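# Understanding the architecture of this molecule
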Amino acid sequence: MAIRIALLVALAALSLVFIMLWRRATATPAMAATGTTGRMPSPVQLAIGFVTNFFDTLGIGSFATTTAVFKLLRVLPDERLVGTLLVGHSLPVVAQAFIFLAVVEVDPVMLVLLIAASVLGSFLGGGVAARLPRRPIQIGMGIGLLAAAGFMLASQLGLFPEAGTAITLPPVKLVLALVVNFILGALLTLGIGNYAPTLIFFSLLGVDPRAAFPIMMSSGAMMAMVGAIPFMKAGRFDSRVALGLALGGIPGVLIAGLLVRSLPLDALRWMVVIVVVYAAVMMLRSAFMRPAAGTAPLESA
């Protein structure tokens, strides 16, 4: 219980630091010149935040779905996508972490070690990803979206391993899990979400899927906030769109986590697979085509 309380305090403290850094980043001349600061998000941006984080809380994931919607609506340039996802989704995932840490039982020592590994991965990966030009980001996100679609398809076809019942791991499996969580933390800074691969991996290790949720969300919250810092320093995000994800997302998380007990998600997951594959193809197409004139995001979004 003491470790769990310490984690909640650490999440709250990191959130306050994150908000201050976000506020400081928006005050720089470089960010002011983008025209993305000092303006409230549009209703569409708030709605995207609400819907993607609502379903994120139910285990569908938010990075792939948000990227798909952003590509469909041409909300912002590709080079600002990853930073905007990390900044905008961080606080809603903190809300998820608070909910699942409070209600789901998991080995606290394992939880802390896995969070530390994922945060280290995002810290090292974020410093690299924030300096990447547009094309590597597009290729990385395109591949990540195809992988996410593959995980979703495997889930729909019943190809996941049988769910286990363990809430802790023996030493050898724990070391393997730490390595995987480190890699997932680094991949998050390329816009590749961690929920689907985490669920698959912990199922392979025999962990109860319910125990994976506080691991996913606590790790996701901390590594997203840490991974977002280099993007904020570099000005590689859209503050207005990120604010829409955060302000719309937190109510979506609270409704899904506290009020929704069951929801027919099967048909929705099939639709998400199709949309994510479309977004992956468009992202890779953009990466291998010559840059076109007029890449500014649509103001109406």
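In this report, we go over the structure that sits alongside the text. Every chain is numbered independently, its residues counted from 1 as its sequence is written. Local features in a predicted model are, by the rule used here, given only for residues with pLDDT of at least 70; side-chain atom pairs are given and counted only at 80 or more, and totals for whole chains, interfaces and linings are based on all residues. Heavy atoms throughout the structure, all of them, feed into the side-chain values; hydrogens and water do not.

## Details of empty space enclosed by the protein
Points on a 1 Å grid over protein atoms alone make up a cavity when a 1.4 Å probe fits among them but cannot get out, and a pocket when they form an open set with protein on both sides within 12 Å along at least five of seven lines; lining residues each have an atom within 4 Å of a point. Grid points are joined across faces, edges and corners, and a volume is the space filled by probe spheres set on the points. Across all of its chains, the model carries one cavity of 30 Å³ or more by this definition. Its volume calculated, the largest cavity comes out at about 30 Å³. Lining the largest cavity, in full, are Asn181, Leu184, Asn194, Thr198, Ile215, Met216, Ser219 and Met223. Elements that contribute at least two residues to the lining of the largest cavity include exactly helix 8 (171-188) and helix 10 (209-234). Secondary structure counts use DSSP, requiring at least four H or I residues in a row for a helix and at least two E residues in a row for a strand, with both numbered from the N terminus.

## Re the pattern of salt bridges
We define a salt bridge as a contact between a side-chain nitrogen of Lys or Arg and a carboxyl oxygen of Asp or Glu at a distance within 4 Å. Considering all chains together, one arrives at two salt bridges under this definition. Measuring nitrogen to oxygen at the nearest pair gives 3.8 Å for the salt bridge that ties arginine 4 to glutamate 105. Here the residue arginine 4 occupies a position in helix 1 (residues 2-26), and glutamate 105 occupies one in the loop between helix 5 (81-103) and helix 6 (108-129), the gap between them amounting to 101 residues. Burial classification: accessible surface area is computed with a 1.4 Å probe over protein chains only, and a residue below 20% of its type maximum counts as buried, one above 50% as exposed, and the rest as partly exposed. Look at arginine 4 and you get buried, because its relative accessible area is 14%.

## Here's the deal with the nonpolar core
Ranked by size, the top nonpolar core spans 66 residues in total, and within it Trp22, Phe70 and Phe202 carry the most contacts. At 15 residues, the largest contribution of residues to this core is made by helix 10. If we ignore the near neighbours within four places in the chain, the residues touching phenylalanine 70 are Ile48, Val75, Leu76, Leu81, Thr84, Leu85, Val241 and Leu245. The definition of a nonpolar core used throughout is a set of buried Ala, Val, Leu, Ile, Met, Phe, Trp, Tyr and Cys residues joined through side-chain atoms within 4.5 Å. Only heavy atoms enter the contact rule, under which two residues are in contact if any of them lie within 4.5 Å.

## Here we look at the environment of methionine 232
The topology assignment puts methionine 232 in helix 10. Accessibility expressed as a relative area gives 5% for methionine 232, which makes it buried. Look past the residues within four positions of methionine 232 in its chain and what remains in contact with it is Phe18, Leu21, Trp22, Ala25, Val87 and Phe237.

## Brief notes about the packing of aromatic side chains
The pairing test for Phe, Tyr and Trp rings, Trp by its six-membered ring, is centres within 6.5 Å, and the orientation test on the planes gives stacked under 30 degrees, edge-to-face over 60, and tilted for anything in between. Under the defined criterion, the tally for this structure stands at four aromatic pairs. Relative to phenylalanine 55, the ring of phenylalanine 54 has its centre 5.0 Å away and its plane inclined at 85 degrees; by these criteria the two rings are edge-to-face. Here phenylalanine 54 falls in the buried class, since its relative accessible area comes to 11%. Of the aromatic side chains, those joined through ring pairs into one cluster are Phe50, Phe54 and Phe55.

## Observations regarding the packing of helix 1 against helix 10
Between helix 1 and helix 10, the least distance of the axes is 10 Å, while the angle of their chain directions is 20 degrees. Accordingly, the angle class assigned to the pair helix 1 and helix 10 is roughly parallel. Crossing of helix 1 against helix 10: the hand is left-handed. Here helix 1 contributes Leu7, Ala10, Leu11, Leu14, Ser15, Phe18, Leu21, Trp22 and Ala25 to the contact with helix 10, which in turn contributes Ala221, Met222, Met225, Val226, Ala228, Ile229 and Met232. Residues are grouped as follows: Ala, Val, Leu, Ile, Met, Phe, Trp, Tyr, Cys and Pro are nonpolar; Asp, Glu, Lys and Arg are charged; every other residue, Gly included, is polar. Its residues placed into classes, the contact of helix 1 with helix 10 shows 15 nonpolar, one polar and no charged. Every axis in this analysis is a line fitted to C-alpha atoms, fitted for helices over the stretch in contact. Angles between the N-to-C directions lie between 0 and 180 degrees. For classification purposes, an angle smaller than 35 degrees is called roughly parallel, one larger than 145 roughly antiparallel, one from 65 to 115 roughly perpendicular, and anything else oblique. For any helix crossing, the convention is left-handed if the near helix is rotated counterclockwise from the far helix by under a right angle, and right-handed if that rotation is clockwise.

## A word on the packing of helix 3 (residues 43-57) against helix 11 (residues 239-258)
In the contact formed by helix 3 and helix 11, the axes pass within 6 Å of each other and the chain directions differ by 40 degrees. As the angle between them shows, helix 3 and helix 11 are arranged oblique. Where helix 3 crosses over helix 11, the two elements pack in a sense that is right-handed. Here the residues of the contact of helix 3 with helix 11 are counted per class, giving eleven nonpolar, nine polar and one charged.

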